[in-house]
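# Understanding the architecture of this molecule
Spelled out from the first residue to the last, the chains are:
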Amino acid sequence: QVQLVESGGGLVQAGGSLRLSCAASGSFSSISVMGWYRQAPGKQRELVATITNGGRTNYADSVKGRFTISRDNAKNSVYLQMNSLKPEDTAVYYCNAVYVTLLIRTSTVWGQGTQVTVSS
C-alpha cells in the first residue's frame, strides 16, 4: 500500500509563486509516473503535469512556461514549481503516482489534495 503526502499549497497574489511537494511512502516495487492534477470548483479534475522515472515531462497547455515539474527518485518525491500564477490556477491540487506493487502489478494512488488560491 502506498500513501502520498502533499504540502506547499496556500494563498498567493497573482504573479506570485508557490512550490508544491509530494512524497510517497509505503510498500512498492517502483514508481513509474508521478504527476499533479487539479480540480477547481464546479469543474472536472484535470492534468497539470506528469513526469516519468526517466525524467520525461508532460504539461497542460495552460501551464506551459509557467510551471515546472521535477522529481527526486531517491526520495520518491515529486515537486511542482508554479510561477506567474493566475487567478484561474485556483484549485485543489492533487498528487498522483502510478506504481508497481510488490506483486508486480500496476496500481495508482492519489494524495489528499492541497488548496492553491490565487487572488487578483
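Now for a look at the structure at hand. Fair warning: this is a prediction, and the values are worked out from it, not measured in the lab.

### Focus on unusual backbone geometry
Even without glycine at this site, Asn76 takes up a positive phi of about 50°. Locating Asn76 in the fold gives a position in the loop between β7 (67–72) and β8 (77–82). The class for Asn76 is partly exposed, based on a relative accessible area of 26%. Despite not being glycine, Ile104 has its phi angle at roughly 60°, a positive value.

### Focus: the environment of Ala74
Residue position: Ala74 is located in the loop between β7 and β8. Here Ala74 falls in the exposed class, since its relative accessible area comes to 75%. A C-alpha to C-alpha distance of 14 Å links Ala74 and Ser21, two positions 53 residues apart in sequence.

### Here's the deal with the sheet that holds strand β3 (residues 18–26)
Reading across the sheet, the 4 strands line up as β1-β3-β8-β7 and stay open at both edges, with antiparallel pairing between neighbours. The open sheet has two free edges, formed respectively by β1 (2–7) and β7, since each of these has just one partner strand. Pairs of neighbouring strands in the sheet enclose a mean axial angle of 15°, with direction left out of account.

### Thoughts on the pattern of salt bridges
Think of it this way: side chains of opposite charge can pair up when their charged atoms draw near. For the structure shown, the criterion picks out 4 salt bridges. Between Asp89 and Arg38 there is a salt bridge; the shortest N-O distance is 3.0 Å. Linking Asp89 in the loop between β8 and β9 (91–100) with Arg38 in strand β4 (residues 30–39), this pair joins segments that are 51 residues apart in sequence. Relative accessible area serves as the criterion here: at 1%, Asp89 is assigned to the buried category. Three or more residues are tied together by salt bridges with common partners; here these are Arg38, Glu46, Arg66 and Asp89.

How each quantity is defined
- Here the residue numbering is sequential within each chain, running from 1 through the sequence in written order.
- Given that the model is predicted, a residue must reach a pLDDT of at least 70 before its local features are reported, and side-chain atom pairs must reach 80 or more before they are shown or counted; all residues, however, enter totals for whole chains, interfaces and linings.
- The side-chain numbers reported here are obtained from all heavy atoms of the structure, hydrogens and water having been left aside.
- Secondary structure is summarised from DSSP: a helix means a run of H or I of at least four residues, a strand means a run of E of at least two, and numbering begins at the N terminus for each.
- For each residue, the accessible area found with a 1.4 Å probe, counting protein chains only, is set against the maximum for its type, and the residue is called buried under 20%, exposed over 50%, and partly exposed in between.
- The pairing criterion is simple: DSSP has to find at least two bridges between the two strands.
- To obtain each axis, a line is fitted to C-alpha atoms, and for helices this fit is confined to the stretch in contact; angles are then taken between N-to-C directions over 0 to 180 degrees.
- By definition here, a salt bridge exists when the distance from a side-chain nitrogen of Lys or Arg to a carboxyl oxygen of Asp or Glu is within 4 Å.

Functional significance is not addressed by these values, which are geometric in nature.
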